[in-house]
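# Observations on the three-dimensional arrangement
Here is how the chains run, residue by residue.
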Amino acid sequence: MSDEYDVIIVGSGAGGGTLAHRLAPSGKRVLILERGDWLPREIENWDATAVFVDNRYVSKDTWYDQNGKPFQPQIHYFVGGATKFYGAALYRLRERDFGELQHHDGMSPAWPVGYDVFEPFYTQAEQLYQVHGARGEDSTDPWSSAPYAFPPVSNEPRIQRLYDDLAAVGLHPFHAPCGIMLDEANPAFSTCIRCATCDGFPCLVHAKSDADVIAVRPAIRHNNVTLVRNAQVRRLETNGSGRTVTSVVADVDGEEQRFTGSIVVVSAGAANSAQILLASASDQHPNGLANGSDQVGRNYMFHNSRAFLAISREKNDTKFQKTLGLNDYYFGDDEFTYPMGNVQMVGKSSAPMYRGEKPIETTLAPTFALNDVAERAVDFWLSTEDLPSPGNRVTLNSDGNVILSYTPNNREPLEQLYHRVKKHLSHLGMHPHHLIPRNIYMKNDIPVAGCAHQVGTVRFGTDPATSVLDPDCKAHELDNLYVVDTSFFPSIGAVNPALTAMANALRVGDHLVARLG
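Because the structure is a prediction, the values reported are computed rather than measured.

### Remarks on the packing of helix H1 (residues 16-23) against helix H5 (residues 211-220)
At a minimum axis separation of 8 Å, H1 and H5 run at an interaxial angle of 40 degrees. What the angle tells us is that H1 and H5 run oblique. Along this stretch, H1 crosses H5, giving a crossing that reads as left-handed. Where H1 abuts H5, its residues Gly-17, Thr-18, Ala-20 and His-21 lie against Ile-214, Ala-215, Val-216, Pro-218 and Ala-219.

### Details of the packing of aromatic side chains
The description of an aromatic ring pair rests on the distance of the ring centres and on the angle between the ring planes. Summed over the entire model, instances satisfying the criterion amount to 24 aromatic pairs. Their ring planes at 45 degrees and their centres at 5.8 Å tell us that Tyr-57 and Phe-85 sit as a pair that is tilted. Residue Tyr-57 is located in the loop between helix H2 (48-53) and strand E3 (63-65), and its partner Phe-85 is located in the loop between strand E4 (70-71) and strand E5 (101-103); the two are separated by 28 residues in the primary sequence. Phe-85 carries the same exposure label as Tyr-57, and that label is buried. Between the aromatic rings of Trp-111 and Phe-460, the centroid separation amounts to 5.7 Å while the plane-to-plane angle is 90 degrees, which identifies the pairing as edge-to-face. Residue Trp-111 is found in the loop between strand E6 (106-108) and helix H3 (115-128), and its partner Phe-460 is found in the loop between strand E22 (455-457) and strand E23 (481-483); the two are separated by 349 residues along the sequence. An aromatic cluster is built from Phe-98, Trp-111, Tyr-115, Phe-118, Tyr-122, Trp-143, Phe-460, Phe-488 and Phe-489, whose rings are joined through pairwise contacts. A cation over a ring is seen here: Arg-135 above Tyr-148, with NZ or CZ 3.8 Å from the ring centre. Its guanidinium or amino end placed over the ring of Tyr-418, Arg-306 lies 4.6 Å from that ring's centre, counting from NZ or CZ.

### Let's talk about the pattern of salt bridges
Under the defined criterion, the tally for this structure stands at 26 salt bridges. Note that Arg-92 is salt-bridged to Glu-119, the shortest N-O span being 3.1 Å. Of this pair, Arg-92 sits in the loop between E4 and E5 while Glu-119 sits in helix H3, and the two are 27 residues apart along the sequence. One exposure class covers both Arg-92 and Glu-119, and it is buried. Three or more residues joined by partner-sharing salt bridges are found here, namely Lys-84, Asp-210, Asp-212 and Arg-217.

### What to know about the pairing of strand E13 (residues 255-266)
The pairing of strand E1 (residues 4-10) with E13 spans 6 bridges and is parallel. When the bridges of E13 are listed, Glu-4 appears paired with Thr-260. For strand E12 (residues 245-252) and E13, the ladder comprises 5 bridges, and the chain directions are antiparallel. Within the sheet, the bridge partner assigned to Asp-251 lies in E13 and is Glu-256. Hairpin geometry of E12 and E13 is characterised by an intervening segment of 2 residues between the two adjacent antiparallel strands and by a positive phi of about 55 degrees at Asp-253. In terms of strand pairing, E13 meets E23 through 3 bridges, oriented parallel. The residue of E23 that forms the bridge with Val-266 is Val-483.

The rules we used
- Residues numbered from 1 in each chain as written.
- Predicted model: local features only at pLDDT ≥ 70, side-chain atom pairs only at ≥ 80, totals over all residues.
- Heavy atoms only, no water.
- Axes fitted to C-alpha atoms, helices over the stretch in contact; angles between N-to-C directions.
- Helix = DSSP H or I, 4+ residues; strand = E, 2+ residues; numbered from the N terminus.
- Parallel < 35°, antiparallel > 145°, perpendicular 65-115°, else oblique.
- Left-handed = near helix turned anticlockwise from the far one by under 90°.
- Contact = heavy atoms within 4.5 Å.
- Phe/Tyr/Trp six-rings, centres within 6.5 Å; stacked < 30°, edge-to-face > 60°.
- Buried < 20%, exposed > 50% of the residue type's maximum accessible area, 1.4 Å probe, protein only.
- Lys NZ or Arg CZ within 6 Å of the ring centre and 35° of its normal.
- Salt bridge = Lys/Arg side-chain N within 4 Å of Asp/Glu carboxyl O.
- Pairing = 2+ DSSP bridges.

Remember, this is a structural readout, not a statement about activity or role.
Below, the structure written as structure tokens:
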């Protein structure tokens, strides 16, 4: 193994994996340090009890809240990072999300670069990750320079009826952008089999457009790209001036090793990237690396989200349910003029999922009763914007473990959105065969431990006093340190952040290729 690399990338998820893919054809020597290993391909990949009840693939990490209470974060360490378990809903942020936006509880800040800068990279990311969709159905969809390269994923009959009923009451449902390797025109040759074990599950047949399959595996086919697995980065060391990262110190299979490179890119996830920088405190950087502004770890966000379950009188035999979205209330309506957010379907629920999500409430419920609920469930996901707050932050305790201090904000838009969804579901012309009365709805707000959409903590900006990174995602205080996971977000919007991380990694990748020459 070479001891000197052009670029060292810490993490192989949506940011790091995509960046490696972009750099691979350049011929530059690239090292990917991944904390986890390959995710095992085993029948448990598609076993809801193993995934949701036994937490077979969840990290054993212990984090702490602001009161010192320990909890297990729902985080996964594998090649491909969080994308191994995501639902592959690959949305662009809305164009207005890049500007200053007034919310119920405060202001969402403007980004240092606009949507126009991100747009070509969104298009490239959609093509790379094989996003299926249809332009023009969603009235909030930002302008694009190209159509989706793949047709929208069709709605199965029960979801198509919901789509038609929503349209009939004046709403604008759309085919959700999905990153799956599906060929509905030639099912015999399709990698994706359109199963019910996609959202929240790893894909046993590698048909989900995750960063492992789409980005990392093709990247390491290049002789200039090296992947080291089971490498937990502990800290970054700098030269005497503190301006240049000289070593990446990692435990590799339990043994400390040092790696050196001209450029170091951190992409370990919003909480863990902040942890690495804070743990890299030195005489030159006493508050943590790149933290002269005291901004590292601050402004942690992860969406105000609610899983929402409606029970249908008729069975919902949908397999792949994540095909419908609704953004009519994204920026508010006449009655509530503040932004509310996004409505989308989630993967089809099952009885073991209920036991995993609400173990106390379902302990006494017989399995046949939960199965009956699952057979008739129509599953929704509501996301509204969490606003950046300096006090919502990652710090470290004396052992170097993550302390995640978080106080919810901007919760009223979630209640407003929930109210509107319930109201419309009760008046969509589906009685008596579809939905039963509203008191049978089930809901589950996503706790801070459910950190799938975590962003912030190392945000980019033009002012070194209020941001950690410059507009190219290079640390203001260092010459060769970059961050390309969702840590760089100044705000979160109300749609899934993965595609924006992928697009940004392609953007920064082009910058690094030009810098390296």
